[in-house]
Amino acid sequence: MTRFIDPVAELGGLLLDVEKPARYTGGEFGILARETSLQKARGTSLQNVKKDACFRTLIAFPDLYEIGMGNQALRIIYNTLNRRHDISCDRAFAPAPDFEKLLREKNIPLYGLDTGISLASLDLLMFTLGYELGLNGLLTMLDVSKIPLHCEDRDQNHPVVIAGGPAISNPLPYSPFVDAFWIGEAEAGFFDLASELALLIKSGEGRAALLKKISSHPNVWVKGKENVKRAIATNFSSGSEAAVFPVPSMKIVQNHGTVEIMRGCPNGCRFCHAGFWYRPMRQKSSNIILEQTRTMVTRGGWREISLSSLSSGDYSGVNNLVEMLNQIFKGRHISFQLPSLRVSGFSLELLEKISVTRKSGLTFAVETARDAWQMAINKEVTRDSTVEILFEAKKRGWKTAKFYFMIGLPLESDGSASCAEEEEIVNFITDIGRRTRMHFNINVGIFVPKPHTPYQCAAQLDSNTAVEKLNFIRAKLKPLGHKVSTADPLTSRIEGLVSRGDESAGLLFEQAFLGGSRLDAWSEYINMDIWRQLLEENKNMIDGFLSPGASIPWQAIDSCVSDRYLRGELEKSDNCKRTDPCNEKCTSCGVCTCGELRIIRNQTGSKKETASDALIRNSIVRKDDHNEFPDLPVNQKNIYVNNKHSSDPAIYRVLFCFSKTGSAVFHGHLSLIEIFSMAFTRADVPVKYTLGFNPLAKIEFASSLATGISSKAEIACADFDTCITGESFVHNLNENLPEGIHIEKADVFFIPGGSKKHSLASLLWGFSYAANEKVDYVRANEDKIYKEKRFFTTPEKQYSKANLFSLMRTGVLAKNLAADTEEWASYFDIYRFLYPK
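This report concerns the structure included in the present document. (Residues numbered from 1 in each chain as written. Predicted model: local features only at pLDDT ≥ 70, side-chain atom pairs only at ≥ 80, totals over all residues. Heavy atoms only, no water.)

A few words on the overall build of the protein. When its secondary structure is counted, the protein shows 26 helices and 27 strands. Here the protein, with 837 residues, has 58% of them falling under the buried criterion. For the protein, the computed accessible surface area is about 34,200 Å², with 49% contributed by carbon and sulfur atoms. (Helix = DSSP H or I, 4+ residues; strand = E, 2+ residues; numbered from the N terminus. Buried < 20%, exposed > 50% of the residue type's maximum accessible area, 1.4 Å probe, protein only. Areas by Shrake-Rupley, 256 points an atom, 1.4 Å probe, with all protein chains shown as cover.)

This part takes up the packing of helix H16 (residues 489–500) against helix H17 (residues 503–514). Packing of H16 against H17 brings their axes to within 7 Å, and their N-to-C directions diverge by 135°. Taken together, the axis directions place H16 and H17 in an arrangement best described as oblique. The way H16 lies across H17 gives a crossing that is left-handed. Each of Ile 494, Leu 497 and Val 498 in H16 lies in contact with H17, whose residues at this interface are Ala 505, Leu 508 and Phe 509. Here the contact of H16 with H17 is composed, by residue class, of six nonpolar, no polar and no charged. (Axes fitted to C-alpha atoms, helices over the stretch in contact; angles between N-to-C directions. Parallel < 35°, antiparallel > 145°, perpendicular 65-115°, else oblique. Left-handed = near helix turned anticlockwise from the far one by under 90°. Contact = heavy atoms within 4.5 Å. Nonpolar A, V, L, I, M, F, W, Y, C, P; charged D, E, K, R; others polar.)

Bringing the nonpolar core into the picture now. One recurring pattern in soluble globular proteins: nonpolar side chains tend to sit buried together. Leu 125, Phe 127, Leu 307, Phe 403, Trp 531 and Tyr 827 are the most contacted members of the largest nonpolar core, which totals 202 residues. Among residues more than four places away in sequence, those in contact with Phe 403 are Phe 364, Val 366, Thr 386, Leu 390, Phe 428, Ile 429, Phe 440, Asn 441, Ile 442 and Asn 443. Val 654, Phe 658, Leu 672 and Ile 743 belong to the second largest nonpolar core, which has 29 residues in total. (Core = buried A, V, L, I, M, F, W, Y, C linked by side-chain atoms within 4.5 Å.)

Bringing the sheet that holds strand E13 (residues 304–308) into the picture now. Backbone-to-backbone hydrogen bonds join strands into a sheet, with any given pair of strands oriented parallel or antiparallel. As summarised here, the arrangement of the three strands in space is E10-E13-E14, forming an open sheet in which the pairing is parallel. Only two strands of the sheet have a single neighbouring strand rather than two, namely strand E10 (257–260) and strand E14 (335–337). In this sheet, adjacent strand axes meet at a mean angle of 30° when their direction is disregarded. Relative to E13, E10 runs parallel, the two being bridged by four bridges. Looking at E13, one finds that Val 259 is bridged to Leu 307. (Pairing = 2+ DSSP bridges.)

Contact geometry of H17 with helix H18 (residues 528–537) gives a least axis separation of 9 Å together with a crossing angle of 145°. Crossing hand, H17 versus H18: right-handed. Within the contact between the two elements, H17 uses Leu 508, Phe 509, Gln 511 and Ala 512 and H18 uses Ile 530, Trp 531 and Leu 534. Tallied by class, residues from the contact of H17 with H18 come to six nonpolar, one polar and no charged.

Looking now at helix H7 (residues 207–215). Three or more residues of H7 are buried, namely Arg 207, Leu 210 and Ile 214. For H7, the angular spread of the buried residues around the axis is 65°, confining them to a single face. Looking at the buried positions of H7, the neighbouring elements they touch are strand E3 (55–61), strand E5 (124–128), strand E6 (160–164), strand E7 (180–182), helix H6 (190–202) and strand E8 (220–221). (Arc of directions from axis to C-beta.)

On to a nonpolar patch on the surface, then. Judged by side-chain polarity, Val 775, Tyr 777 and Trp 824 come together as a nonpolar surface patch covering roughly 310 Å² of accessible area. Note on placement: Val 775 falls in strand E25 (residues 774–779). For Val 775, a relative accessible area of 45% translates into the label partly exposed. (Patch = residues over 30% accessible without salt bridge, like charges linked within 9 Å, V, L, I, M, F, W, Y side chains within 5 Å. Salt bridge = Lys/Arg side-chain N within 4 Å of Asp/Glu carboxyl O.)

Oppositely charged side chains are able to pair whenever their charged atoms sit close together. Going through the model one piece at a time under the given rule, you end up with 42 salt bridges. In this structure, Glu 185 and Arg 282 form a salt bridge, with 2.9 Å as the shortest nitrogen-oxygen distance. Taken together, the residues span a long stretch of sequence, with Glu 185 in the loop between E7 and H6 and Arg 282 in strand E12 (residues 282–283) at a distance of 97 residues. A single network of salt bridges, built from pairs that share partners, joins Glu 185, Glu 187, Glu 260, Arg 263 and Arg 282.

Read from one edge of the open sheet, six strands run E4-E3-E5-E6-E7-E8, paired in mixed fashion. Looking along the sheet, the strands with just one partner apiece sit at the ends: strand E4 (87–93) and E8. Sheet strands in contact with helix H5 (residues 134–144) are E3, E4, E5 and E6, and its direction is about 160° off that of E5. Contacts from H6 reach E3, E4, E5, E6, E7 and E8, with the element oriented near 140° to E3.

Before going further, it helps to spend a moment on helix H9 (residues 286–298). Over its 13 residues, H9 runs 18 Å from end to end, which matches the ideal 18 Å to within 8%, given 1.5 Å per residue. Those residues of H9 not exposed but buried are Ser 286, Ile 288, Ile 289, Leu 290, Gln 292, Thr 293, Thr 295, Met 296 and Val 297. (Expected span 1.5 Å × (residues − 1).)

With that settled, consider unusual backbone geometry. A cis geometry characterises the amide bond from Phe 245 onward to Pro 246, with omega recorded as -10°. Residue position: Pro 246 is located in the loop between strand E9 (228–229) and E10. The step from Arg 279 to Pro 280 runs through a cis peptide bond, and the omega angle for that step is 0°. Within the secondary structure layout, Pro 280 lies in the loop between helix H8 (273–277) and E12. In this model, Asn 378 sits at a positive phi of 70°, which is unusual for a non-glycine residue.

A separate point is the pairing of E5. Among the five residues that make up E5, five are buried, leaving the element largely enclosed by the rest of the structure. With four bridges joining them, E3 and E5 adopt parallel strand pairing. Along E5, the bridge assignment pairs Thr 57 with Leu 124. One crossover worth recording links E5 to the parallel E6 by way of H5, and it is right-handed. (Right-handed = clockwise from strand over helix to strand, strands pointing away.)

Here it is in structure tokens:
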């Protein structure tokens, strides 16, 4: 029997007492899990729904919504599984402590955002872990869902819990709580395994049969299993459908669409776990990248696209790729990011190309400040080359830059070092700042040794020494005008514990969780006192994990990089020698010939088509202004062309009324602006944009609506250079808006050039509200007082935002300019008076 939760119906106004309630209400554009048989069960709050034969899964990210919704692994798994007709894949995120408290008080388990299914009612609960401190979030999600924390305490009524992602390359600390681990990339067999599990469910099998099937897979590790090889996607270059959905309705940390252009990295930085874990380097063809970018724009509505990889500058033909994308999307205000550009291959020309719409930041991942130490970690970022790049950057308009450093790297002194690493960092920045006359943002992290890297057995810097070094850097650089941010030594120590520990390390995390620590990666939620106590009480055990030459508990996991190669890289590090990038010369690390894989190194797919070929193929090379809108009447083309050269152009303004109900009431005003902007992009509605960098859609709302209040008749407008019909506007927008937001009507008004364009705010009279079976009319300047009275309606006069949830705004009213009185009128009537047709 299965339990479903409807958070809006069951929690209602109580959600207004938690931070960012939209994290927990779902309803975004593009949700997919409801397209399965689970859709029938939506809205059956707290009822028992008979389980059908659909394989019920959920991808869980053990951190907050705004972190997890930008995670590429989550999106790939969610989109791919939901394309399979017999599988439903929902999604869930770790609750913040305030929402966790509310769930426990109301005895409501954690649930999927698409269907409302309780996590305990699933067949398969999948966690993706991108970083080690996610273990606390995993424990929180299990416990709030009423799933026993320990594997041995679960029975046939509980889901199988499986985890994957780079953080579980050492699965031992997670193994008391996770039944099985997928080692490697999901595209290399996991989805086929899921289909086999779905057949078992369809045939009536239960948890035991699922776990047996999962455990037998060669890329799955369970306790006691030996020699599990990492799964590597050999067909990465052939591409797949873009992982677009769902589109978040609130701003997330990585608030952009993502197109993965390359997987793996050729550079072999010896401290970098991802660089070794995701070997070999594979890249998609420009054709596939173009199609996935187009999907991100037209179906996702994203106007900022990250061309993602571990080292985007190493993509073969990256300059031509960016030029092609800029040409194709230049008329749609789309900008591109290239994360992880290594400084030794830096191209300011390339940065300028991706800054056509938005100015990109200038970032230098230096890591360590001496040239010899650069060679030791297999990087090549010299002081002189950095200065040369900064000089050129200043000429091109950049005014500042960001630098990343690490302390605690296992760097042997070559006898020529005159000062410690923290002094070298200070000298590096001081010298470059003096020579370039620039101020910088400095981020200093603490090196944490990671499994399956040459430094996997290196010592980790103790907390006291780390504090001294970081304090020195801050004290020296801040007075010079540089901004300095640093890692927290305690959380770095905890990260090292789970990175290199065994089951006992995981049990320490459980103790911290039971003691009240939450979301350990967040300084505002982690309980430092509990962790300090645990680290002190278990000092000998922890020192054993983090000391040099410590034993390796992850021996059963084969990353496909040979031990011989890792030992050779460590020897080169000790001698300050570099290894060539593997896209220039094979380094014989073992990955490309691991087992039966026989991976073709540096896959690129088809590279025959040039940028100009792609432009011609897509028929978007624009010869003149009139070709931008080939289907418009000549008079409208002339208006558009003339507007481009006018300081006060004529416009077409669409005035529209929309409702905001259900889960949408928890979206704030800024989120609403972004929701409509993205809907315009998806609907291909040619709204006008502001000028300059970071152009914004020209949308105006008559008034913001407080979070938690529903509305039948919000008023907004959007400006256009060309005429569209109100009917097409309503239809196209409603097809591309998230749940709970619906355009009720729209009308189009032509405003000639040179005439006054009245803003909606300047015409605002007030509002009408429905409350307690009556309608109240409130002037705009009295609205705040009116709503505050709604806060204090209880006999005890206690402040409660929940009272707002009972309000319905039934109208946004305009000043009656036609009658020149104090009365109100409809915005549509006033616009007809101001701009008669």
